[in-house]
Amino acid sequence: MIRAVLSDMDGVLCDSERAYMRQTIAIMRQLGYHGPDSALHAVIGTSMQETYRIMTGLLMGAVSEEQLRQTADAYYLAHPVNYRAIRFPGVKEAFEALHHSGIRLACCSSSPKASVERALGEMEIRDLFDQVISAEDVAHQKPDPETYLKAAEALGMKPEECAVYEDSPAGIEAGKRAGMLVIARRETGFRIDQSQADELAEDAWKMVEIVRRED
């Protein structure tokens, strides 16, 4: 019986992966990167630390990680993401339905805590989540299962009582390794591998349908 839904944020609650990718490409071009955009898809679903490691590697040592961080911070400050505008249709209503039916909710993201809190607030869904687990709350990022196991513990749930709502291969693997049902929001734009998920959902309402079916 599913009693909790542990949801990733980026690419699941909002179309932020595409927004972040546009930012990433712009930053890399600014720093002299001339490779294919597709090589940058490797950062999807990773922590900021891993994202910067990948980006620095693609720059072939021409820019230090500290220089990259400074450039990225300045770009993000000048071009903030409007999370309200990119919230996926039906997300607020679907999670409200889960909340009102007694399903416990946690947002589990590899992004910094401040970013997650701001995004959930802008999307007008922060109050629906009982717990928020971010990069600062764990020692090991996805695909390690720590994020999801910590969320389950915080909610007082057993792993088998939890469903994970994800999109990235790292997040899907984390949910599987945590021993939870993994529902992936279908993603075709970046052609990422979602084959390890237990279920695929076209949107949040389909995820809700799957969760209710498991009751």
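Within each chain, residues carry numbers counting from 1 in the order of the written sequence. It should be noted that, the model being predicted, local features are given only for residues of pLDDT at least 70 and side-chain atom pairs only at 80 or more, the latter also being counted only at that level, while totals for whole chains, interfaces and linings use all residues. By convention in this description, side-chain values take in all heavy atoms of the structure and omit both hydrogens and water.

1. Things to note about the pattern of salt bridges
Point 1. For this analysis, a salt bridge means a side-chain nitrogen from Lys or Arg found within 4 Å of a carboxyl oxygen belonging to Asp or Glu. Under the counting rule described, the total for this entry stands at 20 salt bridges.
Point 2. Of the charged contacts in the structure, one is a salt bridge between Arg 3 and Glu 161, with a shortest N-O distance of 2.9 Å. Within this pair, whereas Arg 3 is found in the segment before β1 (4–7), its partner Glu 161 is found in the loop between α7 (146–155) and β4 (162–166), the two being separated by 158 residues in sequence.
Point 3. Using a relative accessible area of 14% as the deciding quantity, one classes Glu 161 as buried. Counting from the N terminus, the helices are DSSP H or I runs at least four residues long and the strands are E runs at least two residues long. Under the scheme applied here, a residue whose accessible area is under 20% of the maximum for its type counts as buried, over 50% as exposed, and between as partly exposed, the area being computed with a 1.4 Å probe on protein chains only.

2. Considerations on the packing of aromatic side chains
Point 1. Pairs were defined over the aromatic rings of Phe, Tyr and Trp, the Trp ring being its six-membered one, requiring ring centres within 6.5 Å. Orientation was assigned from the angle between planes: stacked under 30 degrees, edge-to-face over 60, tilted for the rest. Inspection of the entire model under this criterion finds 2 aromatic pairs.
Point 2. On the numbers, 5.6 Å between centres and 40° between planes, the contact of Phe 95 with Phe 129 is tilted. A residue pair is termed long-range when its members are at least 10 positions apart, and Phe 95 in helix α5 (residues 91–100) and Phe 129 in the loop between α6 (113–122) and β3 (131–133) qualify at 34 residues. By the burial criterion, Phe 95 is buried, and Phe 129 matches it.
Point 3. Their ring planes at 40° and their centres at 6.4 Å tell us that Phe 95 and Tyr 165 sit as a pair that is tilted. Of the two residues, Phe 95 is situated in helix α5 and Tyr 165 in strand β4; the sequence distance between them amounts to 70 residues. Accessibility assignment for this pair places Phe 95 and Tyr 165 in one class, buried.
Point 4. Seen from the ring of Phe 88, Arg 185 lies directly overhead, with NZ or CZ sitting 3.6 Å from the centre. Whether a charge lies above a ring is judged from NZ of Lys or CZ of Arg, which has to be within 6 Å of the ring centre and within 35 degrees of the ring normal.

3. Focus on the nonpolar core
Point 1. Among the buried residues, those of types Ala, Val, Leu, Ile, Met, Phe, Trp, Tyr and Cys that are joined through side-chain atoms within 4.5 Å form a nonpolar core. Grouped together as the largest cluster of nonpolar side chains are 36 residues, with contacts concentrated most on Leu 13, Phe 95, Leu 120 and Met 207.
Point 2. Secondary structure elements with two or more residues in this core: α4 (83–86), α5, β2 (104–108), α6, β4, β5 (181–185) and α9 (204–213).
Point 3. The greatest single-element share of this core, amounting to 5 residues, is contributed by α9.
Point 4. Within the second largest apolar cluster, 20 residues are counted, among which are Ile 133, Ala 151, Leu 155 and Met 157.

4. So, the side chain of Glu 187
Point 1. Summarising the element assignment, Glu 187 is placed in the loop between β5 and β6 (199–201).
Point 2. Two N or O atoms form a polar contact when they lie within 3.5 Å of each other; inside protein one atom must be a possible hydrogen donor and the other a possible acceptor, and for residues adjacent in sequence the pair counts only when both atoms belong to side chains. For Glu 187, the side chain forms a polar contact with the side chain of Arg 18, separated by 3.1 Å.
Point 3. Residues in contact with Glu 187, not counting those within four places in the same chain, are Arg 18, Ile 192 and Gln 194. The contact rule is simple, with two residues in contact once any of their heavy atoms fall within 4.5 Å.

5. Some points on the pairing of β1
Point 1. Side chains of β1 alternate between two faces, with Ala 4 and Leu 6 and Val 5 and Ser 7 buried alike.
Point 2. Across 4 bridges, the pairing between β1 and β2 is parallel. What sits directly across from Val 5, in β2, is Leu 105.
Point 3. Strand pairing is defined by DSSP finding a minimum of two bridges between the two strands. Pairing analysis gives 4 bridges linking β1 to β4, with the strands arranged parallel. Bridge pairing links Val 5 to Ala 163 in β4.

6. With respect to helix α3 (residues 65–78)
Because an α-helix packs 3.6 residues into every turn, residues spaced three or four apart end up facing the same way.
Point 1. In this analysis, the expected span of each helix is defined as 1.5 Å times one less than the number of residues it contains. With 14 residues, α3 should reach 20 Å at 1.5 Å per residue; the first-to-last C-alpha distance of 20 Å fits that figure.
Point 2. Those residues of α3 that sit buried are Leu 68, Thr 71, Ala 72 and Tyr 75. Down the axis of α3, the sector holding all buried residues measures 100°, keeping them to one side.
Point 3. Buried residues in α3 make contact with α1 (16–30) and α2 (48–58). Throughout, the arc means that of the directions going from the helix axis to the C-beta atoms.

7. Some points on the environment of Asp 15
Point 1. In this structure, Asp 15 sits in the loop between β1 and α1.
Point 2. Given a relative accessible area of 22%, Asp 15 falls into the partly exposed group.
Point 3. Remark: the alpha-carbon pair of Asp 15 and Phe 88, spanning 73 residues in sequence, is separated by 6.4 Å.
Point 4. With residues near it in sequence (within four places) discarded, Asp 15 still touches Ile 86 and Phe 88.
Point 5. A distance of 3.0 Å separates the side chain of Asp 15 from the side chain of Arg 18, its partner in a polar contact.

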